[in-house]
Amino acid sequence: MNLQRILVALGLAVLMVWSWQHYGLSGLLLTSGFAVMWLLLNVHRTLAVLRRTANMPVGYIGSAVMLNAKLKPQQTLLHVTALTSSLGQRESAADVQPEVYRWTDPGNSSVVATFQDGRLQSWELIRPPVQDEPAEAADASAASADLPPPATTSTPPQA
């Protein structure tokens, strides 16, 4: 459990005690209502992201280059999943830190992201190697490069 979660829980407890001391039962109920509403909003957001990813293949992304441009350090796995609208293909073993996920686009470019405790630590854009032209095509283009450009005649536009 990280420090931020502990501080949020401690802050909520302090706020509830303060509201109880200053406003009694109505203050405690109001503070509890806000806490429950905040929790429900977060659960709704998580379920909405998972609902969008339900119909997509695992590890698929429309454009790996665009995902690479949108990633920032310390983004949560939920945020990256929302960006991709797809669950990542797990590259690391289960329950082992750091977690490594891969998203691949139709052109076989992929983004490999490393998460430590649910936060994005690093990512890498991997592009497939460019296939060389066949030897005959390369020779033909080299031969045509040695020739002078063809003469063209142009006629002035008619007015």
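Because the structure is a prediction, the values reported are computed rather than measured.

Procedures and definitions
Residues numbered from 1 in each chain as written. Predicted model: local features only at pLDDT ≥ 70, side-chain atom pairs only at ≥ 80, totals over all residues. Heavy atoms only, no water. Buried < 20%, exposed > 50% of the residue type's maximum accessible area, 1.4 Å probe, protein only. Helix = DSSP H or I, 4+ residues; strand = E, 2+ residues; numbered from the N terminus. Pairing = 2+ DSSP bridges. Polar contact = N/O pair within 3.5 Å; in protein donor to acceptor, adjacent residues only side chain to side chain. Contact = heavy atoms within 4.5 Å. Patch = residues over 30% accessible without salt bridge, like charges linked within 9 Å, V, L, I, M, F, W, Y side chains within 5 Å. Areas by Shrake-Rupley, 256 points an atom, 1.4 Å probe, with all protein chains shown as cover. Salt bridge = Lys/Arg side-chain N within 4 Å of Asp/Glu carboxyl O. 1 Å grid on protein atoms, 1.4 Å probe; cavity = no way out; pocket = protein on both sides within 12 Å on 5 of 7 lines; lining within 4 Å. Points joined across faces, edges and corners; volume = space filled by probe spheres on them. Nonpolar A, V, L, I, M, F, W, Y, C, P; charged D, E, K, R; others polar.

So, about the pairing of strand S3 (residues 110-116). The side chains of a regular strand alternate, residue by residue, between the two faces of the sheet. By the criterion of burial, S3 is predominantly enclosed, with six of the seven residues buried. Pairing geometry for strand S2 (residues 99-104) and S3, over six bridges, is antiparallel. Looking at the pairing, threonine 104 lines up with serine 110 of S3. Where S2 folds back onto S3 in an antiparallel hairpin, the turn is made up of five residues, including asparagine 108, whose phi is positive at roughly 65 degrees. With seven bridges joining them, S3 and strand S4 (residues 119-126) adopt antiparallel strand pairing. Its bridge partner being in S4, alanine 113 is matched across the sheet by tryptophan 123. Two successive antiparallel strands, S3 and S4, enclose a turn made up of two residues, where aspartate 117 displays a positive phi of approximately 55 degrees.

This part takes up the side chain of threonine 84. Tracing the backbone through its elements, the reader meets threonine 84 in helix H3 (residues 77-84). Exposure remark for threonine 84: the relative accessible area of 5% places this residue in the buried category. Polar side-chain contacts of threonine 84 include one of 2.8 Å to the backbone oxygen of serine 86. Ignoring sequence-local partners within four residues, the contact set of threonine 84 consists of Tyr60, Ile61, Leu67 and Trp103.

A cluster of nonpolar side chains, Val8, Trp38, Leu39, Val43, Leu47, Leu50, Val58 and Leu87, forms an exposed patch at the surface whose accessible area comes to about 730 Å². By the element assignment, leucine 87 lies in the loop between H3 and strand S1 (89-90). Since its relative accessible area comes to 40%, leucine 87 is described here as partly exposed.

A separate point is the sheet that holds S2. Ordered in space as S1-S2-S3-S4, the four strands form an open sheet in which the pairing is antiparallel. Every other strand in the sheet has two partners, leaving S1 and S4 as the edge strands with one partner each.

Sequence spacing of threonine 84 and glycine 59 is 25 residues, and the spatial spacing of their C-alpha atoms is 8.9 Å. One polar contact links threonine 84 to tryptophan 103, side chain to side chain, over a distance of 3.4 Å.

Our focus in this paragraph is the layout of surface pockets. Approximately 750 Å³ is the volume attributed to the largest pocket. Gln4, Arg5, Trp38, Thr76 and Arg119 are the residues nearest the centre of the largest pocket, which is lined by 17 residues in total. Going through the elements one at a time, helix H1 (3-53) and H3 are the ones with two or more residues in the lining of the largest pocket. Here the element with the most residues in the lining of the largest pocket is H1; it accounts for 10 residues. Grouping the amino acids of the lining of the largest pocket by side-chain chemistry returns seven nonpolar, six polar and four charged.

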